[in-house]
Amino acid sequence: MPNLIPVPQRIESVAGDALTLGPETVIYVPGDDEQAQRIGRYLADVIGLAAGPSRLRVQHAAAASAAGIHLRLGGSTGPEGYELVVNASTVTLTAARHAGLFYGVQTLRQLLPAFVEFEAERADKARPIHVAPIRITDNPRFEWRGAMLDVARHFFTVDEVKRYIDLIALYKFNRLHLHLADDQGWRIEIKSWPNLTTHGGSTEVGGGPGGFFTQAQYSDIVAYARERFITIVPEIDMPGHTNAALASYAELNCDGKARDLYTGIEVGFSALCVDKDVTYRFIDDVVREIASLTPTPYFHIGGDEVKTLTPQQYVQFIERVQKIVQSHGKQMVGWDEIAPAALLPSTIVQHWRPDGAPTAAVSKGAKVIMSVANRAYLDMKYDNSTPIGLNWAANIEVKDAYGWDPATIVKGIPESALLGVEAPIWTETLGNIRDVEYMAFPRLLAIAEIAWSPEVSNWEEFRGRLAAHGPRLSALGVNFYRSPSVPW
Ligand code: TNX
C-alpha cells in the first residue's frame, strides 16, 4: 500500500502493470473551465522537468481512453472528496467540485517518487516515473482542517507565508489562520489607522525590525492560498494582546497615554480601554478594512488571556465586537475564553486550554475548532532537549501529536459539535522560518491525518508511513525534526 498522509478513506489494489509518466504524458482537463485548467497546470508544475526534458502539457479533455492524466468534474464525491484510479495507461481523477480535484492531485503527487519534488537540476535528474495501479476513494472527516501561523511575535514575509501555504496544501489543509496582531507587533496595514504598522509593526520579540503586510500584499496571500483551496482566516487579537495598538495610538488607552513598544514574551498585561467609544470606532474600522480584503466568511477576534478586565467587562466587550463583526458580514471566531458571552449560532469557538471545555457555548449550539494545546500546539517542545519552543502545556513528541481523537479528547465536546481541527504555531521563540519548519514538521502531518482521515490511530503503522515522507520533505528542503521514534 502507498504511504499516503492523510490516509484516504478507501484504497483498493488493482491488478496490472504500472503506469509510466514521461514528457509526452498529457494532462487532460475539462474545456471552458479555468479553475480545472489551473489545477492541471499546478500538477504539471509539481512534476516540472522530473519526468523528462519538457513539462507535461495541459489540454482540453479528450476521449477518456486516451493515455494520460484525466481530471474530471462529476460524480457524487462530496464537496472535497475525489476518486482516483490509476491503471497501466491512464490516471482518472474525478471529483464533484474543484476542491476535490485539488486534493486528488495531492494524493497523486504522493504516489509519485519523492525526487519529483526536487527543484534544482531537474533536467539532469529526469527519468520515467512509474505509478502502481490503484483505486482510491476519499473524503475528509472534518470541514475545518487548519494551521495557524503567528506572524506577530516574529514577522514572516509574504514569500515565507506562501511557502508555508504550499507545504500545508500537500497535506490537504484548507485553512491558514494568520495571527496578525499581538503585543509585540501589528502586521497588517489599516489605512484609517496608519500608525498601527508604521509604529506598531516596527519591532518584534527580541527587538528585531518586525514588519507588516500592506493590504496589497495581504490580498496577494489570500489569492495565493485560494488557488490552493486554502482560506486565510485573519485574526486581530483583542481586547488583550494589544500592546502594539496601545503603543501606536494614545487614545486607545484609558489613561490616554501611549504605551512603549514591547519585545518580551509575557502575556495578559495589555487591554484596550473597553469603556471608551473610540475603541469601538477603532475596531469597526479595523474589521471593515480587513473584511473587505477577505472573500471568505471568517473573522477571528482572539479574545484570549485578558487579565486586566472584570468578567463582566470582558463579556460585554465580546458581545459588542460580535455585533461589529456581524455588521461587516463575517462570522466571528474566538479563543475559548469567549464561551461565557451570548454567542450567535454562527460564532465559532477555538478550544485551546487543556483544562477546560467551552460547554456553555456547545450546549447553545456553538461549533468548535479543536486546538487543545497539549496535543495540537506546534510551538511546544518535542522533548526536554528541543532547543527552541515552549513547554507550558506539554512536551509533544510526534506520537503524542498523532495519538488523539478530537471527538473524545475533551469531555463535553462531542463530534457533532466539532467543525474541525487546527494546529497553531506561536513564534515567541521561533526567530525564522527554519525554526517554524522544525517545530511544524513532522507533527503537522499527524494533525493532517487527524483532521482528514476516518478515526484510525495506529501509531506503529503511521510512523512507517511518516518515515516514507522523510525523502519528500528533504526534497522540498523542509527543515524537519528527525524524531528518534520514527524509522526514517
Ligand atoms: C497561549 S493560545 C497563547 C498565546 C501564546 C501561546 C504560547 C492562546 C490563545 N494564547 O498568546 O503565544 O500560549 O504557547
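These figures come from a predicted structure and were not determined experimentally.

About the cut-offs
- Residues numbered from 1 in each chain as written.
- Predicted model: local features only at pLDDT ≥ 70, side-chain atom pairs only at ≥ 80, totals over all residues.
- Heavy atoms only, no water.
- Helix = DSSP H or I, 4+ residues; strand = E, 2+ residues; numbered from the N terminus.
- Buried < 20%, exposed > 50% of the residue type's maximum accessible area, 1.4 Å probe, protein only.
- Contact = heavy atoms within 4.5 Å.
- Areas by Shrake-Rupley, 256 points an atom, 1.4 Å probe, with all protein chains shown as cover.
- Core = buried A, V, L, I, M, F, W, Y, C linked by side-chain atoms within 4.5 Å.
- Pairing = 2+ DSSP bridges.
- Axes fitted to C-alpha atoms, helices over the stretch in contact; angles between N-to-C directions.
- Disulfide = S-S within 2.5 Å.
- Salt bridge = Lys/Arg side-chain N within 4 Å of Asp/Glu carboxyl O.
- Near = heavy atom within 4 Å.
- Polar contact = N/O pair within 3.5 Å; in protein donor to acceptor, adjacent residues only side chain to side chain.
- Nonpolar A, V, L, I, M, F, W, Y, C, P; charged D, E, K, R; others polar.
- Left-handed = near helix turned anticlockwise from the far one by under 90°.
- Parallel < 35°, antiparallel > 145°, perpendicular 65-115°, else oblique.

Caption draft 1: Looking closely at the overall build of the protein. Check the secondary structure of the protein and you find 16 helices and 19 strands. On the principal axes, the C-alpha backbone points of the protein span a range of 75 × 40 × 40 Å. A total of 488 residues make up the protein; the buried ones form 60% of that total. For the protein, the proportion of contacts with a sequence separation of at least 24, taken over those separated by at least 6, is 72%. Total accessible area computed for the protein in this model is approximately 17800 Å², and 51% of it derives from carbon and sulfur atoms.

Caption draft 2: Structural context of the nonpolar core. Within the largest apolar cluster, 163 residues are counted, with the highest numbers of intra-cluster contacts made by Tyr164, Leu176 and Trp186. Non-local contacts of Tyr164, meaning those with residues more than four positions away in its chain, are made with Ala147, Leu149, Leu176, Leu378, Ile425, Val436, Ala440, Phe441 and Leu444. Counting residues in hydrophobic clusters, the runner-up holds seven residues, among them Trp144, Val333, Ile348 and Leu419.

Caption draft 3: Region of interest: the sheet that holds strand E15 (residues 298-302). Read around the closed barrel, eight strands run E10-E11-E14-E15-E16-E17-E18-E19, paired in parallel fashion. The average angle at which neighbouring strand axes cross in this sheet is 30°, direction not considered. One ladder, built from three bridges, connects strand E16 (residues 331-335) with strand E17 (residues 348-351); its direction is parallel. By the bridge assignment, Val333 is partnered in E17 with Ile348. Across the sheet, helix H6 (residues 215-227) is in contact with strand E11 (175-179) and strand E14 (231-238); its angle to E14 comes to roughly 135°.

Caption draft 4: Broad picture of the state of the cysteines. Evaluation of the coordinates by the stated rule reveals one disulfide. Covalent S-S linkage joins Cys254 and Cys273, the inter-sulfur distance amounting to 2.1 Å. Measuring the twist about the S-S bond at about 100°, one finds the Cys254-Cys273 disulfide to be right-handed. In this pair, Cys254 sits in the loop between helix H7 (243-248) and helix H8 (277-292) while Cys273 sits in the loop between H7 and H8, placing the two residues 19 residues apart along the sequence. Since its relative accessible area comes to 57%, Cys254 is described here as exposed.

Caption draft 5: Main features of the pattern of salt bridges. Under the counting rule described, the total for this entry stands at 24 salt bridges. Here Arg153 and Glu428 are joined by a salt bridge, their closest N and O atoms 3.6 Å apart. In this pair, Arg153 sits in the loop between strand E10 (144-150) and helix H4 (158-169) while Glu428 sits in the loop between strand E19 (418-425) and helix H13 (433-440), placing the two residues 275 residues apart along the sequence. Both residues of the pair, Arg153 and Glu428, belong to the buried class. The residue Arg463 makes a salt bridge to Glu460 at a minimum N-O spacing of 3.1 Å. Linking Arg463 with Glu460, this pair stays in helix H15 (residues 459-468), spanning three residues, or about one helical turn. Judged by its relative accessible area of 25%, Arg463 is partly exposed. Since its relative accessible area comes to 51%, Glu460 is described here as exposed. Among the charged side chains, a salt-bridge network with shared partners connects Asp150, Arg153, Asp182 and Glu428.

Caption draft 6: View of the site of the ligand. By nearness alone, 13 residues border the ligand, and Arg153, Tyr377, Asp379, Trp392 and Glu428 come closest of all. Within the side chain of Arg153, one N or O atom sits 2.8 Å away from an oxygen atom of the ligand. At 3.2 Å from a nitrogen atom of the ligand is found a side-chain nitrogen or oxygen belonging to Glu305. Compared with its free state, where it exposes 370 Å², the ligand has 98% of that area covered by protein. Of the residues that constitute the shell around the ligand, the class distribution is seven nonpolar, one polar and five charged.

Caption draft 7: Fine view of the packing of H8 against helix H9 (residues 311-327). The N-to-C vectors of H8 and H9 enclose an angle of 35°; their axes lie 10 Å apart at closest approach. Crossing of H8 over H9 shows right-handed handedness. For the pair formed by H8 and H9, the contact residues are Asp277, Thr279, Tyr280, Ile283, Asp284 and Val287 on the first element and Phe317, Arg320, Val321, Ile324, Val325 and Ser327 on the second. Tallied by class, residues from the contact of H8 with H9 come to seven nonpolar, two polar and three charged.

Caption draft 8: Fine view of the sheet that holds strand E5 (residues 68-73). Taken together, the seven strands give an open sheet; going across it, the order is E1-E9-E6-E7-E5-E3-E4, and neighbouring strands pair in mixed fashion. Unpaired on one side and paired on the other, strand E1 (10-13) and strand E4 (57-60) mark the two borders of the sheet. Averaged over all pairs of adjacent strands, the angle between their axes in this sheet comes to 15°, without regard to strand direction. In this structure, strand E6 (residues 82-86) lies alongside strand E7 (residues 90-95), joined through four bridges in antiparallel fashion. Along E7, the bridge assignment pairs Leu84 with Leu93. Its contacts with the sheet put helix H1 (residues 34-47) on strand E3 (26-29), E4 and E5, and the angle it makes with E3 is roughly 165°.

Caption draft 9: Summary view of the environment of Trp459. Its location among the elements puts Trp459 in helix H15. Given a relative accessible area of 11%, Trp459 falls into the buried group. Counting along the chain gives 362 residues from Trp459 to Arg97, while the straight-line C-alpha distance between them is 32 Å. With residues up to four places along the chain from it excluded, the contact list for Trp459 reads Val398, Lys399, Tyr402, Ser485 and Val486.

Caption draft 10: A look at helix H14 (residues 443-452). Summarising burial for H14: ten of the ten residues are buried, a large majority. Of all the residues in H14, the buried ones are Arg443, Leu444, Leu445, Ala446, Ile447, Ala448, Glu449, Ile450, Ala451 and Trp452.

Caption draft 11: Structural context of the packing of H4 against H6. Following both chains from N to C, one finds H4 and H6 inclined at 15°, their axes separated by 10 Å at the closest point. As summarised for this structure, H4 and H6 are arranged roughly parallel, according to the angle between their axes. Our pair here, H4 against H6, has a crossing hand that is right-handed. Contacts between H4 and H6 involve Val158, Val161, Lys162, Ile165 and Asp166 from the first element and Gln217, Asp220, Ile221, Tyr224 and Ala225 from the second. Of the residues assigned to the contact of H4 with H6, the class counts are six nonpolar, one polar and three charged.

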